[in-house]
Amino acid sequence: MILVSVFMDIEDPINPLADPAALDISELFTNLSVRASMCITGEKCRSLMSRNRQDILTSLKSHCIGLHTNTHSQHPSTMELLADVDYETGCRLALDSERKGHDSFVKAFGQSPTFWGGAGNTWSPEINAALSQLQVPAYSYSLIQTPNHRPHRINGILGLPQAYSIGEDQWADDQIADQRSNQVLKAIQSATTPWLGIFVGHPTRFRHDAFWDSGYFGGKTAEPLPFANVVDEKVYMRSLINLRSFLVKLKSVAKIVGVDELLELKWNERRPSDEEIQFFRSETPKALAGAAKWPIHRPDLDPANIIQKTLNLENTLLIAEPE
Ligand SMILES: [Zn+2]
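Cut-offs applied
Residues numbered from 1 in each chain as written. Predicted model: local features only at pLDDT ≥ 70, side-chain atom pairs only at ≥ 80, totals over all residues. Heavy atoms only, no water. Donors = N, O, S within 2.8 Å, 3.2 Å for Na, K, Ca; no water. Buried < 20%, exposed > 50% of the residue type's maximum accessible area, 1.4 Å probe, protein only. Phe/Tyr/Trp six-rings, centres within 6.5 Å; stacked < 30°, edge-to-face > 60°. Helix = DSSP H or I, 4+ residues; strand = E, 2+ residues; numbered from the N terminus. Lys NZ or Arg CZ within 6 Å of the ring centre and 35° of its normal. Pairing = 2+ DSSP bridges. Contact = heavy atoms within 4.5 Å. Polar contact = N/O pair within 3.5 Å; in protein donor to acceptor, adjacent residues only side chain to side chain.

Q: Please clarify how the coordination of the zinc ion should be interpreted in this entry.
A: In this structure, E11 (OE), H68 (NE2) and H72 (NE2) serve as the protein donors to the zinc ion, at separations of 2.0 to 2.2 Å. In primary-sequence terms, the residues that donate to the zinc ion follow E-x56-H-x3-H. A relative accessible area of 0% means that H68 is categorised as buried. You can call H72 buried: its relative accessible area is 5%.

Q: I'm lost on the packing of aromatic side chains in this one. Help?
A: When we look at a pair of aromatic rings, we describe it by the centre distance and by the angle of the planes. By the definition in use, this model includes seven aromatic pairs. Their ring planes at 65° and their centres at 5.7 Å tell us that F7 and Y141 sit as a pair that is edge-to-face. Taken as a pair, F7 in strand 1 (residues 3–10) and Y141 in the loop between strand 5 (138–140) and strand 6 (152–154) lie far apart in primary sequence, 134 residues in all. Each member of the pair F7 and Y141 is classed as buried. Look at Y141 and F199: their rings are 5.7 Å apart centre to centre, the planes differ by 85°, and that puts the pair in the edge-to-face class. With Y141 in the loop between strand 5 and strand 6 and F199 in strand 9 (residues 195–199), the pair connects residues that are 58 residues apart, well separated along the chain. Relative accessible area serves as the criterion here: at 4%, Y141 is assigned to the buried category. Every member of this aromatic cluster is reached through a ring pair, and the members are F7, F115, Y141 and F199. R205 extends its terminal NZ or CZ atom over the ring of F211, reaching a point 5.3 Å from the ring centre. Sitting over the face of the ring of Y236, R207 holds its NZ or CZ atom 4.2 Å from the ring centroid.

Q: I'm lost on the pairing of strand 9 in this one. Help?
A: Regular strands place their side chains on alternate faces of the sheet. Within strand 9, five of the five residues are buried, which leaves it mostly tucked inside the rest of the structure. Looking at chain direction, strand 1 and strand 9 are connected through five bridges and run parallel. Looking at the pairing, L3 lines up with W195 of strand 9. Alignment of strand 8 (residues 164–165) against strand 9, held across two bridges, turns out to be parallel. What sits directly across from Y164, in strand 9, is I198.

Q: Before we go on, may I ask you to explain the environment of I307 in this structure?
A: Assignment of secondary structure puts I307 in helix 13 (residues 304–311). In sequence terms I307 and D169 are 138 residues apart; their C-alpha atoms lie 31 Å from each other.

Q: I keep staring at helix 2 (residues 42–50) and nothing clicks. Help me out?
A: Inspection of helix 2 places G42, K44, C45, S47 and L48 among the buried residues, and these make up the whole buried set. At its buried positions, helix 2 is contacted by strand 1, helix 1 (18–31), strand 2 (37–40), helix 3 (54–61), strand 3 (64–67) and helix 5 (87–109). Backbone geometry just downstream of helix 2 places N52 in the positive-phi region, at approximately 60°.

Q: How should I be thinking about the environment of E269 in this particular structure?
A: Among the secondary structure elements, E269 is positioned in strand 11 (residues 267–270). Classification of E269 by relative accessible area gives partly exposed; the value is 34%. C-alpha of E269 to C-alpha of P151: the two residues are 118 residues apart in sequence and 9.8 Å apart in space. Not counting the four nearest positions on each side in its chain, E269 is found in contact with R153, L318, I319 and A320. Here the side chain of E269 touches R153 through a polar contact of 2.7 Å, side chain to side chain.

Keep in mind these values describe shape, not function.
Structure representation (C-alpha cells):
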C-alpha cells in the first residue's frame, strides 16, 4: 500500500477563533486515528503559550509536528530575506531567523520540530543549511522538482514535495469536496511512487472566509492588522465533515504516516538520472518563480538569485525512496 502524509498549517496568531479551529481539527484527526503532520509557526507557539492554551499544544503534540517558519507572513518572508544576498550571508540570516522559531517551538512542545515547512511554500536554499545546524532532518512543500513528486535530498536535508492539495473553499462545498476528494484518491491509487504528500488546508481558513495574513499583502504591514470574517457555523461543520470523510476513504487506499514515522523507515538514495537532472533544471526555476508570486511578497521581489543559488546545489541532489 502506498504511503501518504497529510499536512496542515497552523499559523494564525490574530483571529480568536483560529485557536478552537486548530483544536477541533487536531481532534478530528485523533478521533480517526490518523497521524497528521502539522506545521506550526514560532509565532503561533508563542501566542498559544501566552494565551495559556496548553490543551491545544497537548493535542497537536499527539501528532507529528514541524516548524512552519518563525513568523510566516511578517516581513521579511523567507524569500524577501534571502532574495538579494549571497549564499554565505543568507545562511547566517536563515539561521538567525529560524533559530528563534525553533526555540519557541521547543519551549511550547518540549521537543524539537521533526521537519520544517515553508510559509506560503516559500524557501531559499540557505534554509537547508540552517536546518542542518538546527538538526531538523527534513522539510515539506519542497519546491525542488523531480518527476512524479519524488522525495529527494538536497544539501543534506530530505525534501518532501506536496503532490496534491485540497483547499478550504473546496471542503466548504459538498459537491466540489466530493469531486476533488475522488480525483485525489484516484490519483493516489494509480501513483507509481512509494510516498506522496497531501495538503488539506489551514484550520483557521476553515473558520474564516479569508486568510489571516491579508494585512501583510503586497509587502506592506497594515496597522492594525484586520480580522477575517467568521464563516457560518453550518459551513464550518460541513467543511469538517467533508475533510473527515476524505480521511476515512484515504485510510482505505493508503497507509497514512506522520513525517516522523516516514523518517524512521530505511531510505535508499541514489544519484538522479540524466532525465531527472534535466527535469530538476527546467522545472525547479518555475516552481521557485511561482512561489515568489505569493500575494504577501513585495511586488518587486526577484527570485533570480534564489533560483541560481538553488541550481548551484545540483551536485548535492539525491533521489530518495523509503523501502
Ligand atoms: Zn502557512
